[in-house]
Amino acid sequence: MKNYKCLLFDLDHTLWDYETNSRETLSEIYVRFELSQIGIGHLPDFLQAFYGVNNELWDQYDRGILHRDVIRLQRFHKILLALGVDDYKMSLRISEEYLQHSPKKKNLMEGCKETLDYLLPKYPMVIVTNGFDEIQSTKLSSSGISHYFKDVVTSARAGHKKPAKEIFEFALQENKVAARDAIMIGDNLLTDIAGAKNASVDMVFFNPAKIKHQAAVDFEISSLPELMNFL
């Protein structure tokens, strides 16, 4: 086992429970905007449309196909259209509400704080994320895990986004650590795992759903506390 000197962590879906926090926020929006009264249908329909559109847009963003503003300005319009409602002004109000309240949610992945408590005395830890600066900062502070991390590297700050090797190189240079001495922990095979490989950084694939894949990974875990078995 290598003697790592720095841990790089993804945030959304790895530490911060994106699914639960989004679901809570969307449930509140569904009621506040009385979406059932304008033909949206039931809450599960709204949630399903969100995850379908949202996952597609973020995948396109990660692949460099679209700009981040498209997510902010078009995401909820596409969701409403998928549910048979064409109201762009409402979609912008919903988007603003979602971006304001979702990052303030506190839910973390199971075992997150327990694992970070264990790792904190042993390693400096750094967040490496494609998320937006102000939103990721709010997520870290609202969920009470900011103090675990010595640095937060966003794609905007680095000028590159995962899976580009440059964002990892930026994080390593900022924290004065060599690629061979760092390891990346993340849930996304494209951005986190392939990205770390691009930068010659070891990686841990966090795979709570135990999805089948063909990627070559250094380590694979299905729960965060498993990190304590080898780090």
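Residues numbered from 1 in each chain as written. Predicted model: local features only at pLDDT ≥ 70, side-chain atom pairs only at ≥ 80, totals over all residues. Heavy atoms only, no water.

## As for the pattern of salt bridges
Reasoning step 1: Inspection of the entire model under this criterion finds 12 salt bridges.
Reasoning step 2: Between Lys105 and Glu28 there is a salt bridge; the shortest N-O distance is 2.7 Å. Residue Lys105 is located in the loop between helix H4 (88–101) and helix H5 (112–119), and its partner Glu28 is located in helix H1 (residues 18–32); the two are separated by 77 residues in the primary sequence.
Reasoning step 3: Looking at Lys105, the relative accessible area reads 14%, which means it is buried.
Reasoning step 4: Its relative accessible area of 30% is what places Glu28 among the partly exposed residues.
Reasoning step 5: For Arg157, the salt bridge is made with Asp151, and the minimal N-O distance between the two is 2.8 Å.
Reasoning step 6: According to the relative accessible area criterion, Arg157 is partly exposed, its value standing at 35%.
Reasoning step 7: Each of the salt bridges in this network shares a partner with another, and the network as a whole consists of Asp10, Lys162 and Asp192. (Salt bridge = Lys/Arg side-chain N within 4 Å of Asp/Glu carboxyl O. Helix = DSSP H or I, 4+ residues; strand = E, 2+ residues; numbered from the N terminus. Buried < 20%, exposed > 50% of the residue type's maximum accessible area, 1.4 Å probe, protein only.)

## Observations concerning the side chain of Ser143
Reasoning step 1: Relative to the assigned elements, Ser143 resides in the loop between helix H6 (133–142) and strand S3 (151–154).
Reasoning step 2: For Ser143, a relative accessible area of 5% corresponds to the buried category.
Reasoning step 3: Only 2.6 Å separates the side chain of Ser143 from the backbone oxygen of Lys139, close enough to count as a polar contact.
Reasoning step 4: Non-local contacts of Ser143, meaning those with residues more than four positions away in its chain, are made with Trp16, Lys106, Leu108 and Lys113. (Polar contact = N/O pair within 3.5 Å; in protein donor to acceptor, adjacent residues only side chain to side chain. Contact = heavy atoms within 4.5 Å.)

## What to know about the packing of aromatic side chains
Reasoning step 1: Applying the stated criterion to the full structure yields 11 aromatic pairs.
Reasoning step 2: When the ring of Tyr61 is compared with that of Phe132, the centres are 6.4 Å apart and the planes differ by 75 degrees; the resulting orientation is edge-to-face. On the criterion of sequence distance, the pair formed by Tyr61 in helix H2 (residues 43–62) and Phe132 in the loop between strand S2 (125–129) and H6 is long-range, its members being 71 residues apart. The exposure classification of Tyr61 matches that of Phe132, with both residues buried.
Reasoning step 3: Following the ring pairs from residue to residue traces out a cluster consisting of Phe50, Tyr51, Phe76 and Tyr98. (Phe/Tyr/Trp six-rings, centres within 6.5 Å; stacked < 30°, edge-to-face > 60°.)

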